[in-house]
Amino acid sequence: MGSLISYSGISTKVKAMERFRIRPEQFEAMADLGSVPEAVQFLRSNPSYEKAFSKASEDELHRGKIEQLLNLSKYHDFAKLYRFANVGQRRFLDLYFMHYEIDILKTCLRNAAGNRESAQDLTGFKEFFDMDLVQLSQCRSIEDVIRGLKGSAYYEPLEKLLEQGKATLPACETAMDMLYFKTIWKIKDKYLSKAEAKMLAQCFGTKMDMLNFQWICRAKKYYNLSEGDIYALIIPIQYHVTKKEIQTMAQAENMEQVYGVIKNSWYKCQNIEELMDQGLGNAAKELTDKIYELTSRKEPYSAAVLNSYLYFKEREIEQIITTIEKIRYGMTART
């Protein structure tokens, strides 16, 4: 009863916001539009994106600007839920927010690594972040970005890479991803109820397993990394995947052996072999989607509804970007 009373208000809020989620048939209609400005006008007609795109002019509709505005709509949704949430619900949202911070920091690092001007005006994000995003976006080297993070949780692991002469863009992005998953996994039991921690373990555990599968395959297929280098690359936490399976994949002589381990892992019961017919990336997305949907359905009056909404908001934005790029290059909805 406690969860029902505590979450009834914000669950109703989430359901109201979910009404504006873009449906599959709407994506098909959007993909058949003749130009990017038409697609943006379509987004303006949706309450979830109306505010973010209201002032965008046609000459601003390059990919970088569109992604910025879509991200801004994501942060607006987060802010709506945060302001509506009680103290207990905010503990979960505070944990989730670290994911957004890392996304922005990766953008700053990529711009700095390429010594290019920021493609995004980060001033609009100031109300959501404690860090000086404007200053970070103006950095012209990875070292400058790292120095600008002094005092934050991200500084120590990145500074260590700098001291070792290993502060490359991939290494910095991997270090932040590792920090994120380790932090969430470590403190979820401290800040969340037992039921909420279990839910988060299901979602994040599946996501970590899927990422490790993909990273091992990429390391083997494209980079021919050694066993030791693979261990340094992957998340050192397993959920349904065993250490033995990780070791077998890292030591595998060919991709057939790697795929064999994946197909016979715990995820065999989730039909991963059939899903892999369309590629491991698609299989990972489908399985992760399934877990987020399941936890939200099983625990409708818990942090699962917030977790699910924010996750599928990001998935929707990914699909919007893909759809707009198809329009830009004259591809059909089913290409």
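For the structure, check the block above.
Before going into details, it helps to say that this report is about the structure given with it. (Residues numbered from 1 in each chain as written. Predicted model: local features only at pLDDT ≥ 70, side-chain atom pairs only at ≥ 80, totals over all residues. Heavy atoms only, no water.)

**Thoughts on the nonpolar core**
- With 90 residues, the main nonpolar core has Y154, L158, F213, I262, I272 and L306 as its most contacted residues.
- Tallying contributions element by element places helix 6 (residues 87–113) first for this core, with 13 residues.
- Those residues in contact with I262, other than ones at most four positions away along the chain, are F213, C217, M249, I272, M276 and L280.
- Among the nonpolar cores identified, the runner-up in size contains 20 residues, and V36, A52, L61 and L70 belong to it. (Core = buried A, V, L, I, M, F, W, Y, C linked by side-chain atoms within 4.5 Å. Buried < 20%, exposed > 50% of the residue type's maximum accessible area, 1.4 Å probe, protein only. Helix = DSSP H or I, 4+ residues; strand = E, 2+ residues; numbered from the N terminus. Contact = heavy atoms within 4.5 Å.)

**Let's talk about the packing of helix 3 (residues 36–44) against helix 17 (residues 304–328)**
- Where helix 3 meets helix 17, the closest approach of the two axes is 9 Å, and the angle between their N-to-C directions is 150°. Classed by the angle they form, the pair helix 3 and helix 17 counts as roughly antiparallel. Of the residues in helix 17, those touching helix 3 at V36, A39 and L43 are I320, I324, I327 and R328.
- Class assignment for the residues of the contact of helix 3 with helix 17 results in six nonpolar, no polar and one charged. (Axes fitted to C-alpha atoms, helices over the stretch in contact; angles between N-to-C directions. Parallel < 35°, antiparallel > 145°, perpendicular 65-115°, else oblique. Nonpolar A, V, L, I, M, F, W, Y, C, P; charged D, E, K, R; others polar.)

**Side note on helix 13 (residues 243–251)**
- Within the span of helix 13, buried status applies to E245, I246, M249 and A250. One side of helix 13 carries all its buried residues, which in axial view fall inside an arc of 135°. With respect to the buried face of helix 13, the exposed residues turned more than 90 degrees away are K243 and K244.
- Packing partners of the buried residues in helix 13 comprise helix 11 (194–223), helix 12 (227–233) and helix 14 (255–263). (Arc of directions from axis to C-beta.)

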